[in-house]
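Structural overview for review
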Amino acid sequence: MTLTPPRRPAAPSLTTRVLRGVLLPLALTWFLGTAVALYLASYFTRQAFDRALLDDAYAISANVRSGERGIELQLSPREVTNMLFDQDEQVYFSVLRPDGSLLAGNQGLLAPLPEEGARHRFSQVSYGGQPLRAVVMNHEGPDAYSVVVAQTTTARSVLIERLLAYSIAPQIVLLALLAAWLLRHIRRELRPLGELRQTLEKRNASDLKPVPVARSSRELEQLGDTLNALLERLAQSASAQREFAGNVAHELRTPLAGIRALAEYGLAQRIRPCGASSCSRSRPARRVPAIWWTSCWRWRWPTRGGRACSSRRCGSTS
């Protein structure tokens, strides 16, 4: 049983890699920038709401006076309602004596006191099962008291959510448009590479002519020049190999043709008796090829009178 090796996963395309290399850092930068922008927007939004809450505390504190029965709030419930009116939020308040007893306002509304040397302090409290943003302001003096004003945070949350939606949504759309533009532009720039690949796939192995390459970029131009230079060197090498093969074939053909001609010449000659008059060394006046003499030396030739050459050289009798 043969085990087939696992197939290697296909490599991602160059378009995907370029998009990933461009869009991922861009998206990360956009995310960090959006997070910083939202944090700053939330911070300044909270500062604006806290400032309005502190103004309400100052307005209530300005109407706390010392009277015959001690300190008291010189505002009617209706005036307090008009002063603390908010269309979107519920506002609660309390005026507390130094011992923590309620002077006016909502019973049980408490918040952490400011630190030493500070006049006010903001904090998150819970009242009636609702999360509230509260501020405590201390009034120092013979008639000391504390004013606590708290309100719900619905408007703050809605405003922050709107800021988040209105800041992120356009950026997501812009990022998508940028990705589409980059994809189209990258594909257009890489199209000459695809055309070059198709040209090389359709070309015959023996066709070493230069490949036409679009001069759309410097890198592609350098690639085309390098490829054509390689094809030119391959063509020169193939031509040199063909020339060498032709020379070798010619060099091999020439001796073989000569040997064949000599053999045919020797076979075509009439075999003569080996005698003193016919086989002496000075016998051939004409130039007989060396192969004829070699054959005469190595073979015993019959003679008409029963004589034959018994030695390897013609001229000696048996």
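The structure reproduced in this document is the subject of the present report. Everything numeric in this text was worked out from a predicted model, so none of it was measured.

A tally of helices and strands in the protein chain yields 5 helices and 7 strands. In the protein chain, the succession of helices and strands from N to C terminus is α-β-β-α-β-β-β-β-β-α-α-α. A buried classification covers 25% of the 318 residues belonging to the protein chain. Total accessible area on the protein chain is roughly 23,200 Å²; 57% of this is exposed by carbon and sulfur atoms.

For the rest of this paragraph, the subject is the sheet that holds strand 3 (residues 91-96). One open sheet accounts for 5 strands, arranged 4-3-7-6-5; its pairing is antiparallel. The two strands at the open ends of the sheet, each matched to only one other strand, are strand 4 (102-105) and strand 5 (120-127). Neighbour-to-neighbour, the strand axes of the sheet open up by a mean angle of 25 degrees, direction not taken into account. Relative to strand 6 (residues 130-139), strand 5 is paired through 8 bridges, and the arrangement is antiparallel.

The next subject is the pairing of strand 7 (residues 145-152). For strand 7, the buried fraction is high: 8 of the 8 residues fall into the buried class. Here strand 7 shows a buried face lined by Tyr145, Val147, Val149 and Gln151 and a second buried face lined by Ser146, Val148, Ala150 and Thr152. As paired strands, strand 6 and strand 7 are joined by 8 bridges and run antiparallel to one another. Each residue of the ladder has a partner; that of Val135, found in strand 7, is Val149. Hairpin connection, strand 6 to strand 7: the antiparallel pair is bridged by 5 residues, and Gly141 has positive phi, about 135 degrees.

Okay, the side chain of Asp56 next. Structurally, Asp56 can be placed in helix 1 (residues 14-61). No salt bridge is formed by the buried Asp56; the nearest opposite charge belongs to Arg156, separated by 9.2 Å. Ignoring any residue separated from it by four or fewer positions in sequence, one finds Asp56 in contact with Met83, Leu84 and Val149.

This brings us to the pattern of salt bridges. This structure, assessed with the given rule, holds 5 salt bridges. Arg133 is the salt-bridge partner of Asp50, the closest N and O atoms lying 2.8 Å from each other. Here Asp50 is found in helix 1, whereas its partner Arg133 is found in strand 6, with 83 residues between them in sequence. For the pair Asp50 and Arg133, one class covers both residues: buried. When the shortest N-O distance is used, the salt bridge between Asp207 and Arg203 registers 3.7 Å. According to the relative accessible area criterion, Arg203 is partly exposed, its value standing at 21%. Each of Asp50, Arg133 and Arg156 takes part in a single network of salt bridges with overlapping partners.

This paragraph deals with the packing of helix 3 (residues 154-202) against helix 4 (residues 218-268). In the contact formed by helix 3 and helix 4, the axes pass within 11 Å of each other and the chain directions differ by 15 degrees. One way to sum up the angle between helix 3 and helix 4 is to call them roughly parallel. The way helix 3 lies across helix 4 gives a crossing that is right-handed. Mapping the contact onto sequence places Pro192, Leu193, Leu196 and Leu200 in helix 3 and Leu220, Leu223 and Leu227 in helix 4. Its residues assigned to classes, the contact of helix 3 with helix 4 shows 7 nonpolar, no polar and no charged.

Turning next to the packing of aromatic side chains. Inspection of the entire model under this criterion finds 2 aromatic pairs. Ring geometry for Tyr43 against Phe44: centres 5.3 Å apart, planes inclined by 75 degrees, an arrangement best described as edge-to-face. Since its relative accessible area comes to 32%, Tyr43 is described here as partly exposed. Taking relative accessible area as the criterion, Phe44 reaches 55% and is therefore assigned exposed.

Moving on to the nonpolar core. Ile60, Leu73, Phe93, Val95 and Val149 are the most contacted members of the largest nonpolar core, which totals 19 residues. Listed by contribution, the elements that provide at least two residues to this core are helix 1, strand 2 (70-73), strand 3, strand 4 and strand 7. The dominant element in this core, judged by the number of residues it contributes, is helix 1, at 4 residues. Look past the residues within four positions of Leu73 in its chain and what remains in contact with it is Ile60, Asn63, Val64, Val80, Phe93 and Ala104. Tyr92, Tyr127, Ala134 and Val136 belong to the second-largest nonpolar core, a separate cluster that totals 11 residues.

What follows deals with the side chain of Thr15. Summarising the element assignment, Thr15 is placed in helix 1. Look past the residues within four positions of Thr15 in its chain and what remains in contact with it is Leu183, Ile186, Arg187 and Leu190.

For the rest of this paragraph, the subject is the pairing of strand 6. In terms of burial, strand 6 is largely enclosed, as 7 of its 10 residues are buried. As consecutive antiparallel partners, strand 5 and strand 6 are separated by 2 residues, and within that stretch Gly128 has a phi angle of approximately 65 degrees, a positive value.

Rules behind the numbers
Numbers given to residues run from 1 along each chain, matching the order in which its sequence is written. Owing to the predicted nature of the model, reporting of local features is limited to residues with pLDDT of at least 70; listing and counting of side-chain atom pairs is limited to 80 or more, with chain, interface and lining totals taken over all residues. By convention in this description, side-chain values take in all heavy atoms of the structure and omit both hydrogens and water. Helix and strand definitions here come from DSSP, where helices need a minimum of 4 consecutive H or I residues and strands a minimum of 2 consecutive E residues; each element is numbered from the N-terminal end. Accessible area is worked out with a 1.4 Å probe on protein chains only. A residue is then buried under 20% of its type maximum, exposed over 50%, and partly exposed in between. Residue exposure ignores everything except the shown protein chains as possible cover, and the areas themselves are Shrake-Rupley values with a 1.4 Å probe. DSSP-based pairing: two strands are paired if at least 2 bridges between them are found. To obtain an axis, a line is fitted to C-alpha atoms, over the contacting stretch when the element is a helix, and the angle between two such axes runs from 0 to 180 degrees between their N-to-C directions. The sign given to each residue is positive for Lys and Arg and negative for Asp and Glu; His and the chain ends receive no count. Criterion for a salt bridge: a side-chain nitrogen of Lys or Arg within 4 Å of a carboxyl oxygen of Asp or Glu. Contact between two residues is taken to exist if any of their heavy atoms lie within 4.5 Å; hydrogens are not considered. Angles are sorted into four bins: roughly parallel if under 35 degrees, roughly antiparallel if over 145, roughly perpendicular if 65 to 115, and oblique for all others. Each crossing gets its handedness from the near helix: less than a right angle anticlockwise from the far helix is left-handed, clockwise is right-handed. Side-chain classes follow a simple rule in which Ala, Val, Leu, Ile, Met, Phe, Trp, Tyr, Cys and Pro form the nonpolar group, Asp, Glu, Lys and Arg form the charged group, and the remainder, Gly included, forms the polar group. Aromatic pairs are defined between Phe, Tyr and Trp rings, using the six-membered ring for Trp, whenever the two ring centres lie within 6.5 Å; interplanar angles under 30 degrees are classed as stacked, those over 60 as edge-to-face, and all others as tilted. Buried Ala, Val, Leu, Ile, Met, Phe, Trp, Tyr and Cys residues that are joined via side-chain atoms within 4.5 Å together make up what is termed a nonpolar core.

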